[in-house]
Amino acid sequence: LQTNDWCLIYSVGSGTCQWAAQMAKIQGYKVIGTCSQSKAEAMMQVGACDELIVLKEVEGMSYSDYSSVDIAAKVMDITNQKESNVY
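The paragraphs below set out a description of the structure included in this document. Because the structure is predicted, anything quoted here is derived from the model rather than measured.

Let us now look at a nonpolar patch on the surface. A contiguous nonpolar patch, built from W19, M23 and I26 and spanning about 340 Å² of accessible area, is present on the exposed surface. Structurally, I26 is set in helix 1 (residues 15-26).

What holds strands together in a sheet is hydrogen bonding between their backbones, with the strands either parallel or antiparallel. Within the open sheet, the three strands sit side by side as 1-2-3. Their pairing is parallel. Of all the strands in the sheet, the pair left with one neighbour each is strand 1 (6-9) and strand 3 (51-55). Between one strand axis and the next, the sheet turns through 20° on average, direction left out of account. Two elements, strand 2 (residues 30-36) and strand 3, share five bridges in a ladder whose sense is parallel. By the bridge assignment for strand 3, T34 is matched with I53.

Criteria and cut-off values
- Numbering of residues starts from 1 in every chain and runs along the sequence as written.
- It should be noted that, the model being predicted, local features are given only for residues of pLDDT at least 70 and side-chain atom pairs only at 80 or more, the latter also being counted only at that level, while totals for whole chains, interfaces and linings use all residues.
- Hydrogens and water are ignored here; the side-chain numbers use all heavy atoms of the structure.
- Every patch collects residues that have over 30% relative accessible area and no salt bridge, joining them within 9 Å if they carry like charges and within 5 Å if they are nonpolar side chains (Val, Leu, Ile, Met, Phe, Trp, Tyr).
- To be clear on the numbers: accessible area is Shrake-Rupley with a 1.4 Å probe, and residue cover counts the displayed protein chains and nothing else.
- The term salt bridge refers to a pairing of a side-chain nitrogen on Lys or Arg with a carboxyl oxygen on Asp or Glu at a separation within 4 Å.
- Numbered from the N terminus, helices here are DSSP runs of H or I no shorter than four residues, and strands are runs of E no shorter than two.
- At least two DSSP bridges between two strands are required for those strands to pair.
- The convention used is that axes are lines fitted to C-alpha atoms, helices contributing only their stretch in contact, and that angles between N-to-C directions extend from 0 to 180 degrees.

So this is what it looks like as structure tokens:
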């Protein structure tokens, strides 16, 4: 990765992935994170991500429904169609 490259980190609402997003920001990467609706507000307050893709939760469960959002399309939109620059 180079400074200002995009970095996609899944499940940034979890402790380990939140830490990874914070470390990526410190290294100068632009961070796209995914998280569930229930953790979105907290993640926005932490500020570890430049962009946040919010996923619906599986009804009756505590985990994200990764089919609820077209993540690839969102990433392409965020990066201006430059998928080769996302790691």
